[in-house]
Amino acid sequence: MKQYTSKTELKSEIENAYRKYINEFHHIPEELKDQRCEDVDRTPAENLAYQVGWTTLVLQWEQDERAGLDVKTPSDKFKWNQLGELYQWFTDTYAGLSLHELCAKLDTNITAIYEMIDSMSDEELFLPHQRKWADGATKSAVWPVYKFIHVNTVAPFGTFRTKIRKWKKLSL
């Protein structure tokens with residue numbers, strides 16, 4: 001995983017990965033958003049729902065901690081050993097939206113993540129033990145907040161861009 005040294009660098013990496021990812025959805029017809037493809041595990045709507053789900057959770061963790069609430073990761077409904085159920089919840093919650101609505105929701109979340117980054121000090125973002133939710137999210141690893149942001153934005157945008165490109169190649 002890349003080690004970031006500034007907020008600008010982190011936001012630039014998110015922006016680059018996000019733009020490449022989101023641009024893949026511009027020419028997918030709405031009527032194909034739920035079409036399954038044999039060699040791809042998610043439909044376009046499910047692909048976006050996954051991204052909306054994780055970015056929403058990251059924002060919720062920070063919002064809840066700032067409000068003084070006890071944060072349970074990944075959510076108050078699911079434990080880390082229930083990720084399959086969590087992914088299904090993302091699909092059930094978000095995949096019914098149109099591609100346009102999903103893209104708009106993800107745009108809103110990415111803008112909110114930039115605002116979250118800007119609102120944090122460098123210490124809060126880049127040093128471990130700055131957020132209870134970050135400390136409680138892993139059993140043995142000690143991760144600063146930026147790593148959670150990275151693994152829920154930059155990393156999946158790259159992986160899921162490959163999946164949607166394959167879906168497009170086989171379906172369009």
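Residues numbered from 1 in each chain as written. Predicted model: local features only at pLDDT ≥ 70, side-chain atom pairs only at ≥ 80, totals over all residues. Heavy atoms only, no water.

**Quick word on the pattern of salt bridges**
Our working rule: What makes a salt bridge here is a side-chain nitrogen of Lys or Arg within 4 Å of a carboxyl oxygen of Asp or Glu, nothing more. Each helix is a run of H or I in the DSSP string that is no shorter than four residues. Each strand is a run of E no shorter than two, and both are numbered from the N terminus.
Evaluated as defined, the whole model comprises 16 salt bridges. Among the salt bridges present, the one from K11 reaches D118, with a minimum N-O distance of 2.8 Å. Residue K11 is located in helix α1 (residues 7–23), and its partner D118 is located in helix α4 (residues 99–119); the two are separated by 107 residues in the primary sequence.

**Overview of the packing of helix α2 (residues 44–66) against helix α8 (residues 154–171)**
As a reminder of what qualifies: Lines are fitted to the C-alpha atoms to define the axes, a helix being fitted only along its stretch in contact, and any angle between axes, read from their N-to-C directions, falls within 0 to 180 degrees. Just so you know how the angles are binned, under 35 degrees is roughly parallel, over 145 roughly antiparallel, 65 to 115 roughly perpendicular, and the rest oblique. Only heavy atoms matter for contacts: two residues are in contact if any of them lie within 4.5 Å across the pair. All residues other than Ala, Val, Leu, Ile, Met, Phe, Trp, Tyr, Cys, Pro, Asp, Glu, Lys and Arg, Gly among them, are scored as polar; the first ten of these are nonpolar and the last four charged.
The contact between α2 and α8 brings their axes to 10 Å, and the two run at 175°. In terms of orientation, α2 and α8 fall into the roughly antiparallel class. In this structure, α2 uses P44, N47, Y50 and Q51 to contact α8, whose residues at the interface are P156, F157, F160, K163, I164 and W167. The residue inventory of the contact of α2 with α8, partitioned by class, reads seven nonpolar, two polar and one charged.

**A word on the packing of aromatic side chains**
Basically, it comes down to this: Working definition: a ring pair exists when centres of Phe, Tyr or Trp rings (six-membered ring for Trp) sit within 6.5 Å. Plane angles under 30 degrees give stacked, over 60 give edge-to-face, the rest tilted. Relative accessibility under 20% of the residue-type maximum defines a buried residue, over 50% an exposed one, and the middle range a partly exposed one, all with a 1.4 Å probe and only protein chains included. Charge over a ring is defined by NZ of Lys or CZ of Arg lying within 6 Å of the ring centre and within 35 degrees of the ring normal.
Inspection of the entire model under this criterion finds 18 aromatic pairs. Measuring from ring centre to ring centre gives 6.3 Å for W89 and Y94, while their planes differ by 85°; the resulting arrangement is edge-to-face. Assessed through its relative accessible area of 29%, W89 is described here as partly exposed. Using a relative accessible area of 10% as the deciding quantity, one classes Y94 as buried. Relative to F148, the ring of W133 has its centre 5.3 Å away and its plane inclined at 70°; by these criteria the two rings are edge-to-face. Taken together, the residues W133 in helix α6 (residues 132–136) and F148 in helix α7 (residues 145–151) connect sequence positions 15 residues apart. Taking the relative accessible area as the measure of exposure, F148 reaches 3% and is therefore buried. Members of the aromatic cluster, connected to one another through ring pairs, are Y50, W54, W80, Y87, W89, F90, Y94 and F160. Geometry around Y87 places R42 over its ring, the cationic atom sitting 5.7 Å from the centre. Seen from the ring of F160, K163 lies directly overhead, with NZ or CZ sitting 5.4 Å from the centre.

**Digging into unusual backbone geometry**
Cis peptide bonds are those with omega within 30 degrees of zero, and the linkage from T73 to P74 qualifies with 0°. Relative to the helices and strands, P74 is located in the loop between α2 and α3 (83–94).

**Some remarks on α8**
How we decide: Expected helix span is taken as 1.5 Å per residue step, with the number of steps being one fewer than the number of residues. In this context, the arc is that of the directions from the helix axis out to the C-beta atoms.
In this model, α8 (18 residues) spans 25 Å end to end at C-alpha, consistent with the 26 Å of a helix rising 1.5 Å per residue. All of the buried residues along α8 are V154, P156, F157, F160, I164, W167, K168 and S171. The buried side chains of α8 occupy one side of the element, clustering within an arc of 130° when seen end-on. The exposed residues of α8 that point more than 90 degrees off its buried face are T162 and K169.

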